[in-house]
Amino acid sequence: MKRILGICMALCFFASVAVVGGCDSEDTKNYDVPISWSIGGSSDCSWSIDGTQTPVDDVTVTVWENEGDEEPYDGPVTVSCSDLEYEIPRLKRGTYFVEVVGLAEYEGSELSILKESMEITAPHQDSHDNEFVLFQAKGAIHVTWSFDNNQMCGPNGVTSMDINLYPEEPVDCNDGEYTIEEVDPFQENNNLSIDALDENDDVLFSGDFADNPFMVLPGEVYEAHVVLE
């Protein structure tokens, strides 16, 4: 009986030591994880904009715990593009979603012209090279709408909005907005129009964006409000 009691006390002692940090645990470590990048597979930090080779001076590195998170875990951190590598510091064990964006000057403004993202692991796995091959970023169009009679969807008998640049099903009118993703940049002939539909898919109102035609830049979320009559 005394022997069993002694074993139990010893086990309790070692367990308490581990809890208060007497034993080294992998879960408490932080890891520096290396990444690298290229510009379309090249080490030359430049990109063709409107036929002109434009320098890509810097890149930003942003880390999220999960893809789609609103708040980043770390960053964005700005690094010289010519470094072609960066070590993300002090990540806890696990997986992270990382985005690398290449910045360039366009018409007097800094443009997020190149982008690539992927999942990385801490600690770094030798089987994964963590190389980001940057290509031209897509843009987006944030579409909003209203009616010229100052009424809302319900009083106007409208249930859905058929957006011509979004070839999928019409979107709910009551949402008041919709973002069209993955828009090709530098296309100067974008023309946005909306048909407002009732529950039978009959057109009750229509409207065109006042600034048609328009162009979306890489990495830009273009604001487009349409008034329907």
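Residues numbered from 1 in each chain as written. Predicted model: local features only at pLDDT ≥ 70, side-chain atom pairs only at ≥ 80, totals over all residues. Heavy atoms only, no water.

Chemist: Got a sec to walk through a negative patch on the surface? Specific residues and values, please.
Modeler: A contiguous patch of negative charge, built from Asp32, Asp83, Glu85 and Glu87, is present on the exposed surface. When you line up the elements, Asp32 lands in strand β1 (residues 30-39). A relative accessible area of 43% places Asp32 in the partly exposed class. (Patch = residues over 30% accessible without salt bridge, like charges linked within 9 Å, V, L, I, M, F, W, Y side chains within 5 Å. Areas by Shrake-Rupley, 256 points an atom, 1.4 Å probe, with all protein chains shown as cover. Salt bridge = Lys/Arg side-chain N within 4 Å of Asp/Glu carboxyl O. Lys, Arg positive; Asp, Glu negative; His and termini not counted. Charge placed at Lys NZ, Arg CZ, Asp CG, Glu CD. Helix = DSSP H or I, 4+ residues; strand = E, 2+ residues; numbered from the N terminus. Buried < 20%, exposed > 50% of the residue type's maximum accessible area, 1.4 Å probe, protein only.)

Chemist: I'd like to hear about the nonpolar core, residue by residue, with values.
Modeler: Membership of the largest hydrophobic core comes to 31 residues, with the highest contact counts inside it found for Ile120 and Phe132. Counting residues per element, the ones that place at least two in this core are β1, β2 (46-49), β3 (52-64), β5 (85-92), β6 (94-106), β7 (109-122) and β8 (131-136). Residue contributions to this core peak at 6 residues, all from β7. Formed by 23 residues, the second largest nonpolar core is a distinct cluster that contains Ile141, Ile180, Val216 and Leu228. (Core = buried A, V, L, I, M, F, W, Y, C linked by side-chain atoms within 4.5 Å.)

Chemist: Report on the side chain of Ser38, specifying residues and quantitative values.
Modeler: Among the secondary structure elements, Ser38 is positioned in strand β1. Residue classification places Ser38 among the buried positions, given a relative accessible area of 5%. A polar atom in the side chain of Ser38 sits 3.2 Å from the backbone nitrogen of Gly41. Non-local contacts of Ser38, meaning those with residues more than four positions away in its chain, are made with Glu131, Phe132, Val133 and Leu134. (Polar contact = N/O pair within 3.5 Å; in protein donor to acceptor, adjacent residues only side chain to side chain. Contact = heavy atoms within 4.5 Å.)

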